[in-house]
Amino acid sequence: QVRLVESGGGLVQPGESLRLSCAASGSFVRINVMGWYRQAPGKQRELVATITSGGSTNYADSVKGRFTISRDNPENTVYLQMNDMKPEDTAVYYCNAAVLKYGNIRFVDYWGQGTQVTVSS
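Residues numbered from 1 in each chain as written. Predicted model: local features only at pLDDT ≥ 70, side-chain atom pairs only at ≥ 80, totals over all residues. Heavy atoms only, no water.

Draft legend 1. Quick peek at the pairing of strand 8 (residues 77–82). When you tally the buried positions in strand 8, you get 5 out of 6 residues, the bulk of the element. Here strand 3 (residues 18–26) pairs with strand 8 via 6 bridges, running antiparallel. Paired with Cys22 across the strands is Val78, a residue of strand 8. Pairing of strand 7 (residues 67–72) with strand 8 involves 6 bridges; the strand directions are antiparallel. Its bridge partner being in strand 8, Thr68 is matched across the sheet by Gln81. Adjacent in sequence and paired antiparallel, strand 7 and strand 8 are bridged by 4 residues, among which Asn76 carries a positive phi angle near 50°. (Buried < 20%, exposed > 50% of the residue type's maximum accessible area, 1.4 Å probe, protein only. Helix = DSSP H or I, 4+ residues; strand = E, 2+ residues; numbered from the N terminus. Pairing = 2+ DSSP bridges.)

Okay, structure coming up:
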């Protein structure tokens, strides 16, 4: 069983910062891409940022220059540093990881339970 556990969500005011963490645990060979997605009320889930095991990153245009994704490979943990936050960043943020389990030949997507981020004055 693979688990992704997020932490760090909460309520902040516009312009403030927040850092999300997501740790993967369980039995697996390795993790390829890790990322963050978000879903606002009444909207579809959207990509925020991804990072490969080699450190290559990809960001949604709406967060470029404000959010930074990073990861600690030995700890199987991914982070999302969110700066200069805006009300439109309000959403449930989900962690995602492409995991190769023992006995498998393909990576499988796993998701965290989600953490609420609210930006409001």
